[in-house]
Amino acid sequence: MATQYPEITDRLQRFIEAQHLYFVGTAARDGRVNVSPKGLDSLRIVSPTRVVWLNGTGSGNETAAHLLDTPRMTVMFCSFERQPMILRLYGTARAVHEPDVEWDELYGLFPPMRGARNIFVLDIDLVQTSCGYGVPFYEFSGERPLMDSWAANKGDDGLVEYQQTKNRASIDGFPTGLPPA
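This one's a predicted model, so the numbers in the text were calculated from it and none came from an experiment.

**What about the overall build of the protein?**
Broken down by element type, the protein carries four helices and eight strands. Counting from the amino terminus, the protein carries its helices and strands in the arrangement β-α-β-β-β-β-α-β-β-α-β-α. In terms of overall dimensions, the protein has a C-alpha envelope of 50 × 35 × 30 Å along the principal axes. Within the protein, the proportion of its 181 residues that are buried is 40%. Taking all contacts inside the protein whose residues are at least 6 apart in sequence as the whole, residues at least 24 apart take part in 71%. For the protein, the computed accessible surface area is about 10200 Å², with 52% contributed by carbon and sulfur atoms. Averaging the coordinates of the 17 positive side-chain charges in the protein and doing the same for the 22 negative ones gives two points 5 Å apart.

Structure, rendered in structure tokens:
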């Protein structure tokens, strides 16, 4: 039932843009595999073979650490409404941080996010769809405001301190590439 594509088609782009949730999977050569749910208005398709997503400050920074070791990434979307489908984007990825030359241009693709920590660029080498028949129906009822209120309560200095103490190494002790403050 799976169908493979060399790039994101117009139909698949419409599907991606309609999703409120996606999942990111990465793994270093050693250590734990990371699968992270992502929401908010945080993903952009910049070409049929490239997507970028904005990552906020969180309790870990596994994706960035894994990409420094092994730059493979899978992004998965699944329909919880109407027509069932699972869509995966496979490729190589890299992190962009605020001091990097590309930051301002890429960050400008998104609404402002208090506590934005990295932007990930995924160069796609395979797009695959599958049936999604086993995915249950769920109804989207809204975005949680908690991430923004948490970041606002921390303040700019508190966010920097949090990132420097909690986000410079992965849970396996790998560096994340987050620049020093």
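Still to come is the rest of the account.
**A few points about the pairing of strand E4 (residues 43–47)**
As judged from the four bridges shared by E4 and strand E5 (residues 50–56), these two strands associate in the antiparallel manner. Residue pairing in the sheet places Ile45 in a bridge with Val51 of E5. Counting the residues between successive antiparallel strands, the hairpin from E4 to E5 contains two residues.

**Here we look at the environment of Tyr107**
Structurally, the position occupied by Tyr107 is in helix H3 (residues 103–107). The spacing of Tyr107 and Val52 is 55 residues in sequence and 9.6 Å in space, taken between C-alpha atoms. Apart from residues lying up to four places away in sequence, Tyr107 is in contact with Leu54, Pro112, Met113, Ala116 and Ile119.

**Considerations on the pattern of salt bridges**
Considering all chains together, one arrives at seven salt bridges under this definition. Its salt-bridge partner being Arg44, residue Asp41 comes within 2.7 Å of it at the nearest N-O pair. The closest approach of N and O atoms between Asp148 and Arg114, which form a salt bridge, is 3.1 Å. Placement of Asp148 in helix H4 (residues 146–166) and of Arg114 in the loop between H3 and strand E8 (116–130) is noted, with a sequence separation of 34 residues between them. You can call Arg114 partly exposed: its relative accessible area is 40%.

**What to know about the nonpolar core**
A general feature of soluble globular proteins is that nonpolar side chains tend to end up buried together. Ranked by internal contacts, the top residues of the largest apolar core, which has 24 residues, are Ile8, Met73, Val75, Phe77 and Leu89. Counting only elements with at least two residues in this core, the list comes to helix H1 (10–18), strand E2 (22–27), E4, E5, helix H2 (62–69), strand E6 (72–78), strand E7 (86–96) and E8. Per element, the largest residue contribution to this core is four residues, and it comes from E8. For Leu89, the residues in contact, after removing those within four places along its chain, are Ile8, Ile16, Val51, Met73, Thr74, Val75, Phe77, Leu122, Ile124, Leu126 and Val127.

**A word on the state of the cysteines**
Under the definition given, this model contains zero disulfides. Free cysteine Cys78: the closest other cysteine sulfur is in Cys131, separated by 12 Å. Judged by its relative accessible area of 6%, Cys78 falls in the buried class.

About the cut-offs
- All chains use their own residue numbering, which begins from 1 and follows the written sequence.
- Given that the model is predicted, a residue must reach a pLDDT of at least 70 before its local features are reported, and side-chain atom pairs must reach 80 or more before they are shown or counted; all residues, however, enter totals for whole chains, interfaces and linings.
- Values reported for side chains reflect all heavy atoms of the structure, with hydrogen atoms and water molecules removed beforehand.
- Helix and strand definitions follow DSSP, with helices as H or I runs of at least four residues and strands as E runs of at least two, each counted in order from the N terminus.
- Working definition: with a 1.4 Å probe on protein chains only, accessible area under 20% of the residue-type maximum means buried, over 50% means exposed, and in between means partly exposed.
- Contacts are residue-level and defined by heavy atoms, with any inter-residue pair within 4.5 Å sufficient.
- In short, Shrake-Rupley with a 1.4 Å probe defines the accessible areas, and a residue's cover is counted only from the protein chains shown.
- By the counting scheme adopted, Arg and Lys are positive, Glu and Asp are negative, and His together with the chain ends is not counted.
- One atom stands in for each charge, and that atom is NZ of Lys, CZ of Arg, CG of Asp or CD of Glu.
- Strands are treated as partners if at least two bridges between them are detected by DSSP.
- Salt-bridge detection follows one rule: a side-chain nitrogen of Lys or Arg within 4 Å of a carboxyl oxygen of Asp or Glu.
- Nonpolar core, defined: a set of buried Ala, Val, Leu, Ile, Met, Phe, Trp, Tyr and Cys residues in which side-chain atoms within 4.5 Å join the residues together.
- Note that a disulfide, as used here, is simply two cysteine sulfur atoms within 2.5 Å.

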